[in-house]
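Notes for the structure review
Okay, here's what each chain looks like letter by letter:
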Amino acid sequence: MTVRIEPPNSVILVVAREDFTPPSTFAGRTCAATSDCIAIGVRSVDDGETVVSFAAPGQRPDLMVLGEFVVISEGNLSVRSIYNREHLTAGVEVGAVTVEVLGNEAAEPDEVVLVIRS
């Protein structure tokens, strides 16, 4: 599962619940999270597309770890724009899910891979 997107404001969200709360700040990092939403800063839309995909653990050792977060899921993870447009989804277990965010750059990556572990 891979999509190419041009997210507004250079941010993608990984949402674990329909009624979610995005982080209020990145605090100087590429990724930030709440208990039900991960925000990832990506390349500017003026610079081109961002490739986003899901992968199994160990499948992409060529990418760097940008963050690892535990979110509380309702059974689905959804990659969305800040305007709530859904681009990609994956079914997951209900409850606590660990999401490792990988990228090809430490700041403003143009490739983001999400590794999901229950």
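Residues numbered from 1 in each chain as written. Predicted model: local features only at pLDDT ≥ 70, side-chain atom pairs only at ≥ 80, totals over all residues. Heavy atoms only, no water.

**Re the sheet that holds strand β8 (residues 86-91)**
The antiparallel open sheet is built from five strands, whose spatial order is β3-β4-β2-β7-β8. Two strands close off the open sheet at either side, each with one partner strand: β3 (31-33) and β8. Within this sheet the neighbouring strands show an average axis-to-axis angle of 15 degrees, counted without direction. Bridge analysis of β3 against strand β4 (residues 37-41) gives three bridges, and the strand direction is antiparallel. In the strand pairing of β4, alanine 32 is matched with alanine 39. (Pairing = 2+ DSSP bridges. Helix = DSSP H or I, 4+ residues; strand = E, 2+ residues; numbered from the N terminus. Axes fitted to C-alpha atoms, helices over the stretch in contact; angles between N-to-C directions.)

**So, unusual backbone geometry**
Most peptide bonds adopt trans geometry, and most residues besides glycine take a negative phi value. Notably, asparagine 9 is not glycine yet its phi reads approximately 60 degrees, a positive angle. With respect to the helices and strands, asparagine 9 occurs in the loop between β1 (2-5) and β2 (11-15). Here the phi dihedral of asparagine 84 falls at roughly 70 degrees; this positive angle occurs in a residue that is not glycine. By the secondary structure assignment, asparagine 84 is in the loop between β7 (76-80) and β8.

**Description of the environment of leucine 63**
Here leucine 63 shows up in the loop between β5 (50-55) and β6 (64-73). Classification of leucine 63 by relative accessible area gives buried; the value is 10%. Taking the C-alpha atoms as reference, leucine 63 lies 9.5 Å from valine 101; in sequence the two are 38 residues apart. Excluding residues within four positions of it along the chain, leucine 63 makes contact with Leu102, Gly103, Asn104, Glu111 and Val113. (Buried < 20%, exposed > 50% of the residue type's maximum accessible area, 1.4 Å probe, protein only. Contact = heavy atoms within 4.5 Å.)

**Notes on the pairing of β2**
One face of the sheet, then the other: side chains in a regular strand alternate in exactly this way. Most of β2 is tucked away, with five of its five residues classed as buried. Residues Val11, Leu13 and Val15 point to one face of β2 and Ile12 and Val14 to the other, with burial holding for every one of them. Sheet analysis places β2 next to β7, joined by three bridges and oriented antiparallel. Residue pairing in the sheet places leucine 13 in a bridge with arginine 80 of β7.

**As for the nonpolar core**
Grouped burial of nonpolar side chains is what soluble globular proteins tend to show. Counting residues in hydrophobic clusters, the biggest one holds 24 residues, and the most contacted among them are Ile38, Ile40, Val52, Leu77, Val99, Val101 and Leu114. If you look at the next biggest cluster of nonpolar residues, it comprises six residues, including Val11, Leu13, Val15 and Cys37. (Core = buried A, V, L, I, M, F, W, Y, C linked by side-chain atoms within 4.5 Å.)

**Focus: the pattern of salt bridges**
For the coordinates displayed, the defined rule picks out nine salt bridges. Note that arginine 80 and glutamate 18 form a salt bridge whose closest N and O atoms lie 2.7 Å from each other. In this pair, arginine 80 sits in strand β7 while glutamate 18 sits in the loop between β2 and β3, placing the two residues 62 residues apart along the sequence. A relative accessible area of 56% places glutamate 18 in the exposed class. Among the salt bridges present, the one from arginine 117 reaches glutamate 100, with a minimum N-O distance of 3.7 Å. Separated by 17 residues along the polypeptide, arginine 117 in strand β10 (residues 111-117) and glutamate 100 in strand β9 (residues 95-103) bring together distant segments of the chain. Overall, arginine 117 belongs to the partly exposed group, its relative accessible area being 28%. Classification of glutamate 100 by relative accessible area gives buried; the value is 16%. A single salt-bridge network, built from bridges that share partners, covers Glu18, Arg80 and Glu86. (Salt bridge = Lys/Arg side-chain N within 4 Å of Asp/Glu carboxyl O.)

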